[in-house]
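# Summary of the model geometry
Residue strings, one per chain:
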Amino acid sequence: KQEVTQIPAALSVPEGENLVLNCSFTDSAIYNLQWFRQDPGKGLTSLLLIQSSQREQTSGRLNASLDKSSGRSTLYIAASQPGDSATYLCAVLYTGANSKLTFGKGITLSVRP
Amino acid sequence: DVKVTQSSRYLVKRTGEKVFLECVQDMDHENMFWYRQDPGLGLRLIYFSYDVKMKEKGDIPEGYSVSREKKERFSLILESASTNQTSMYLCASSLWGTFDYGYTFGSGTRLTVV
């Protein structure tokens, strides 16, 4: 079964810390991987999209990496701020999935002032 | 930027009512999706559509139906609302035939059935 796993479910860090959020997936046959942010009670906002042929993508303080062979992606957040507190979801588009994403359950991040 | 608009942020409906959740996207996307999100269960796909008048069941279609009469609009219908359909509902869209752009989500509708 094609799955996406995000561990731990929750993380609390002090402001200013660099942090890494992990995502693992079960099959290397993917089209792309997408990281989303979700604030409480809101929809999902796309942060970064990594194509299957790419190794990483960067946007501001965020950097996402992709290692298909090991079935892993990481989202690196530099110099974390309280405003980064949110739930971060990883989603994979497996080949043969007919455009349907497979989502992890998310990591709820709390950045303490 | 692609915009996906869900018509209501919050809805309160009574058990047995017929409920319509509307979703509109403005970038000519072929694919549209309806999810529900519940604590501990994550996002679960209810229905999706890859073209006008086309629909496919997702993982939890029971108790729901959909309508896609125009490319930009995808409606989720709860035929007879029940309390176990209280949830956050999220609509998303994406392009067909290319994987360069990913999904875009709406801001969600929090539905409470009493």
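Residues numbered from 1 in each chain as written. Chains lettered and ligands numbered in written order. Predicted model: local features only at pLDDT ≥ 70, side-chain atom pairs only at ≥ 80, totals over all residues. Heavy atoms only, no water.

## Focus on the overall build of chain B
Each helix and strand counted, chain B has 0 helices and 11 strands in total. Compactness check: chain B gives a C-alpha radius of gyration of 13 Å against a globular reference of 13 Å for 114 residues, within 12% of the reference. Counting only C-alpha atoms, chain B reaches 40 × 30 × 25 Å along its principal axes. A buried classification covers 46% of the 114 residues belonging to chain B. Residue pairs in contact within chain B that sit at least 24 positions apart in sequence constitute 56% of those at least 6 positions apart. Total accessible area on chain B stands at roughly 5600 Å², and carbon and sulfur atoms take up 50% of it. (Helix = DSSP H or I, 4+ residues; strand = E, 2+ residues; numbered from the N terminus. Rg over C-alpha atoms; globule rule 2.2 N^0.38 Å. Buried < 20%, exposed > 50% of the residue type's maximum accessible area, 1.4 Å probe, protein only. Contact = heavy atoms within 4.5 Å. Areas by Shrake-Rupley, 256 points an atom, 1.4 Å probe, with all protein chains shown as cover.)

## What about the nonpolar core?
Soluble globular proteins: nonpolar side chains tend toward being buried together. Formed by 42 residues in total, the largest nonpolar core has its most connected members in W35, F36, L75 and F103 of chain A together with Y35 and F105 of chain B. Per element, the largest residue contribution to this core is 8 residues, and it comes from strand 9 (residues 86-94) of chain A. Grouped together as the second largest cluster of nonpolar side chains are 20 residues, W34, Y64, C91 and V113 of chain B included. (Core = buried A, V, L, I, M, F, W, Y, C linked by side-chain atoms within 4.5 Å.)

## Things to note about the pattern of salt bridges
Residues and elements named next belong to chain B. Inspection of the entire model under this criterion finds 9 salt bridges over all chains. With a closest N to O distance of 3.1 Å, D28 and K71 form a salt bridge. Of the two residues, D28 is situated in the loop between strand 3 (19-25) and strand 4 (31-38) and K71 in the loop between strand 7 (64-70) and strand 8 (73-78); the sequence distance between them amounts to 43 residues. Relative accessible area serves as the criterion here: at 25%, K71 is assigned to the partly exposed category. (Salt bridge = Lys/Arg side-chain N within 4 Å of Asp/Glu carboxyl O.)

## Description of the side chain of S75 of chain B
All names here are of chain B. Relative to the elements of secondary structure, S75 occurs in strand 8. When its relative accessible area of 8% is taken as the criterion, S75 is described as buried. Only 2.5 Å separates the side chain of S75 from the side chain of E22, close enough to count as a polar contact. In this structure S75 touches L21, E22, W34, S65, V66 and S67, once residues within four positions along its chain are discounted. (Polar contact = N/O pair within 3.5 Å; in protein donor to acceptor, adjacent residues only side chain to side chain.)

## Topic: the sheet that holds strand 7 of chain B
Residue and element names in this part refer to chain B. Strand order in this open sheet of 4 strands is 1-3-8-7, and the pairing throughout is antiparallel. Strands with a single pairing partner mark the edges of an open sheet, and in this sheet they are strand 1 (4-6) and strand 7. Strand-to-strand twist in this sheet, taken as the mean axis angle between neighbours without regard to direction, amounts to 20°. Taken together, the 3 bridges between strand 1 and strand 3 define a ladder with antiparallel strand orientation. In the sheet register, T5 faces strand 3, and the bridge partner there is V24. (Pairing = 2+ DSSP bridges. Axes fitted to C-alpha atoms, helices over the stretch in contact; angles between N-to-C directions.)

## Quick word on the confidence of the model for chain B
Summary statistics for chain B give a mean pLDDT of 94 and a share of 98% for residues scoring 70 or more. Considering each helix and strand of chain B separately, the mean pLDDT is smallest for strand 10 (residues 104-105) of chain B, with a value of 94, and largest for strand 11 (residues 109-113) of chain B, with 98. (pLDDT = per-residue confidence, 0-100.)

## Topic: the packing of aromatic side chains
With the rule as written, the count across this model stands at 11 aromatic pairs over all chains. Seen in terms of ring centroids, F33 of chain B and F48 of chain B are 5.7 Å apart; in terms of plane orientation they differ by 15°. Their pairing is stacked. Of this pair, F33 of chain B sits in strand 4 while F48 of chain B sits in strand 5 (residues 42-49), and the two are 15 residues apart along the sequence. Take F33 of chain B: its relative accessible area is 0%, and that puts it in the buried class. The class for F48 of chain B is buried, based on a relative accessible area of 0%. Joined through ring pairs, the aromatic side chains of F36 and F103 of chain A together with F33, Y35, F48, Y50, Y103 and F105 of chain B make up one cluster. (Phe/Tyr/Trp six-rings, centres within 6.5 Å; stacked < 30°, edge-to-face > 60°.)

## Section: the state of the cysteines
Note on terminology: a disulfide is the covalent bond linking the sulfur atoms of two cysteines. Under the counting rule described, the total for this entry stands at 2 disulfides over all chains. Through a disulfide, C23 of chain A is tied to C90 of chain A; the S-S separation comes to 2.0 Å. Judged by the torsion about the S-S bond (-60°), the C23 of chain A/C90 of chain A disulfide is left-handed. Taken as a pair, C23 of chain A in strand 3 (residues 19-25) and C90 of chain A in strand 9 lie far apart in primary sequence, 67 residues in all. Two residues, C23 of chain B and C91 of chain B, share a disulfide whose sulfurs are 1.9 Å apart. Disulfide C23 of chain B-C91 of chain B: torsion about the S-S bond near -75°, hence left-handed. Of this pair, C23 of chain B sits in strand 3 while C91 of chain B is found in strand 9 (residues 87-94), placing the two residues 68 residues apart along the sequence. With respect to burial, C23 of chain B and C91 of chain B carry one shared label: buried. (Disulfide = S-S within 2.5 Å.)

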